[in-house]
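Residues per chain are reported as follows:
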Amino acid sequence: MSDTRSTVLRYRSQAPGAEGPLTLGQDNVLRCLRNEQPSRERNEPSSLNKQATWTPLGDADTTRCLDALRTLAERHAALRTVFPEAGGDPLPTFQRQLQEGEFTVEVIDLGPDEDAAARADAFCWDQRCHPFDLTVDFPLRLALLTRDDRPVLLAVVVSHAQLDGMATGLLAQEWTVLVSGGELPTATGPTPIEVAAQEQSAGGRRRGAAALRYWERILAEEPSAVFTDDRVRSTDTLLHTLSIRTPAGAAALERAVKRTSSSKSAVLTACYAALAAHRAARSTVVMAALSANRHRAVLAEHIGTLAQDALLVLDTDCPDLDTLIGRTQAQALSGYWHATFDTEQLWKILDDSSLRRGARFVRDVVLNDVSGTVPEELAALRPDPAVDPDLTWYPTEPLPTRLMMNVWRTGGCLEISLHAHPDVLDREETEHFARALLRLIDLAGRRNVTLGPDGELAALSRLPVGRREKGRWQQVGSNWVDLDALADRLRTVLAVKDVEVTWENDELTALVREGCTLTPTEAHTAVVDSLSWRDTLMAPQRYILPNGTGTGRE
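Because the structure is a prediction, the values reported are computed rather than measured.

J.: Tell me about unusual backbone geometry, and please be specific about residues and values.
T.: Cis geometry is found at the peptide bond from D388 to P389, where omega equals 5°. Along the polypeptide, P389 turns up in the loop between α11 (376–379) and β13 (390–398). If you check the backbone angles, S261 has positive phi at about 55° while not being a glycine. Within the element layout of this structure, S261 appears in the loop between α7 (247–260) and α8 (264–280). The phi angle at A281 is positive, at roughly 55°, despite the residue not being glycine.

Right, dumping it as structure tokens:
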């Protein structure tokens, strides 16, 4: 049985207190956090605030571990940042950098046979179920796990409003150096207030405007959702989670990188996109890549939250995997370059695009590559899995996507996790997807892989292919629409008994003869507002109603 005590650490930085505007990343996360309701009573953790465990190296003792945390707080402005206006309405407009303050570390003395990793996970899960008070809270919740008075693990829960995954990884590296008795060089990354100033400069505003144009084009032309077939019906966001660990996969990835002269990220992303496209029975995959700004050299060492997506449009309609890997590298460069934007303006573009197009964009394929955040010497301390590959299931989590791949480590042992919605992949199919991903990486290290209708994916993946047979399916632009499901939705939203949905003269038309008192504009607005996570639907392009006929977009 473990014993817990609380230790309060005070810090005082040499840097003075300061105030400044929000960074674009902070603004983005603060908006997203408003839509979260983590709850200890319901045992529902935040999907935005993340957790990690840091392992002390060498002969570190408890005092050194705690002192290292104090040093980090004094060294990095993001750890001393609060948002005095948070929690109310409207959103915060500025950040405050404190000079001094305090934070608490729970010191948990483990019992003789108590599992440290399980105890750390329990602490983190519980803390993620309780929201941070962004007006005053230190952005890390910490528990130092000890056994026989020797540190074993540091459990960390991170406030995403101040820190993203890459920043958390950089902090882990620095803490590891400090607890090992090492010294840190002078911090070179910009502070959050300095990042905000750069973003509001003339050059920063030009970059932001270009990013918005890039997103607006994709939202107008590319598929609003990747997965649109007979199985996709649920509007919930509860996903099952599979962890994959494989030393053989890491070796195969190294071979693939050498053979194709590509990056590890490009190979992994291309293989992931190819399998997602195969499952979706479509060639174009619109993918959100998280932590995209980290690819800019000036922000690589930034301790803070950048937290803005890159949007990649990957066309998998190509003869072979080598071609797709090359396309992926080029698309990634473009997507990462256009990943700094004003979130309020982007949300307006999303809303305007939804009304014009009649379809809501769904971020249903996500990539999160944080493999560069964990020092290899620290990752190497983790024992190799007993079986290769090791597939381990974790509890379901609410995540606003349909399919997500996290890349945690690529050297020595490939470590990734998959989150999948049951409408896209059930548990057995998720394991097939994981094994197919590893087979594809292995083949990419040996030879080129044929893609296309007569290619090799069907035989090596054992994955289901999206079928559109149970309804009246129609391709409208780049979207697939289930006309029968759309008619059902219109009956509910417009509160009528009879609706006819047809595709005539290249136009999606809804005919309501009686019972609807709305104008086409009112009807269209109501329909679009009801489409969130209804991936197989689009609003009609023409409404024929008792109160008038029109597109509703006038």
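J.: Outline the nonpolar core, supporting the account with residue identities and numerical values.
T.: Residues F227, L321, M405 and L440 are the most contacted members of the largest nonpolar core, which totals 61 residues. Broken down by element, the residue count for this core peaks at twelve residues, all from α8. Counting 30 residues, the second-largest nonpolar core is a separate cluster that includes L9, L142, L154 and W175.

J.: Tell me about the sheet that holds strand β11 (residues 310–315), and please be specific about residues and values.
T.: Taken in spatial order, the seven strands make up an open sheet running β11-β10-β12-β14-β15-β9-β13, and their pairing is mixed. Either end of the sheet is taken by a strand with one partner, and the two such strands are β11 and β13. Averaged over all adjacent pairs, the angle separating strand axes in this sheet is 20°, with direction ignored. Alignment of strand β10 (residues 284–289) against β11, held across six bridges, turns out to be antiparallel. What sits directly across from M287, in β11, is L312. Sheet contacts for helix α9 (residues 321–337): β10 and β11; angle to β11, the most-contacted strand, approximately 155°.

J.: Before we move on, can you summarise the sheet that holds strand β4 (residues 81–82) with the specific residues and values?
T.: Ordered in space as β2-β5-β4, the three strands form an open sheet in which the pairing is antiparallel. Two strands bound the open sheet, and with one partner strand each, they are β2 (18–21) and β4.

J.: Help me get a handle on the packing of α7 against α8, residues and values and all.
T.: It is the contact of α7 with α8, at a shortest axis distance of 9 Å, that shows an interaxial angle of 105°. Considering the angle they form, α7 stands roughly perpendicular to α8. On the side of α7, the interface is formed by L253, E254, A256, V257 and T260, while α8 contributes K264, V267 and L268. In terms of residue class, the contact of α7 with α8 is built from five nonpolar, one polar and two charged.

J.: How would you sum up the pairing of strand β16 (residues 473–476)? Please name residues and give values.
T.: Consecutive side chains along a regular strand alternate between the two faces of the sheet. Across four bridges, β16 lies against strand β17 (residues 479–482) in antiparallel orientation. By the bridge assignment, V476 is partnered in β17 with N479. The antiparallel pairing of β16 with β17 creates a hairpin that spans two residues between the two strands, and G477 there sits at a positive phi of about 65°.

J.: Describe in detail the pattern of salt bridges, supporting the description with residues and values.
T.: Taken as a whole, this structure holds 37 salt bridges when the rule is applied. R259 is the salt-bridge partner of D322, the closest N and O atoms lying 2.6 Å from each other. Taken together, the positions of D322 in helix α9 and R259 in helix α7 put the pair 63 residues apart, joining distant regions of the chain. Between R491 and D488 there is a salt bridge, and its shortest N-O distance comes to 2.6 Å. One end of the pair is R491 and the other is D488, both in helix α14 (residues 483–494) and three residues apart, which spans about a single turn. Among the residues examined, R491 registers a relative accessible area of 30% and is labelled partly exposed.

Rules behind the numbers
- Residues numbered from 1 in each chain as written.
- Predicted model: local features only at pLDDT ≥ 70, side-chain atom pairs only at ≥ 80, totals over all residues.
- Heavy atoms only, no water.
- Helix = DSSP H or I, 4+ residues; strand = E, 2+ residues; numbered from the N terminus.
- Core = buried A, V, L, I, M, F, W, Y, C linked by side-chain atoms within 4.5 Å.
- Buried < 20%, exposed > 50% of the residue type's maximum accessible area, 1.4 Å probe, protein only.
- Pairing = 2+ DSSP bridges.
- Axes fitted to C-alpha atoms, helices over the stretch in contact; angles between N-to-C directions.
- Contact = heavy atoms within 4.5 Å.
- Parallel < 35°, antiparallel > 145°, perpendicular 65-115°, else oblique.
- Nonpolar A, V, L, I, M, F, W, Y, C, P; charged D, E, K, R; others polar.
- Salt bridge = Lys/Arg side-chain N within 4 Å of Asp/Glu carboxyl O.

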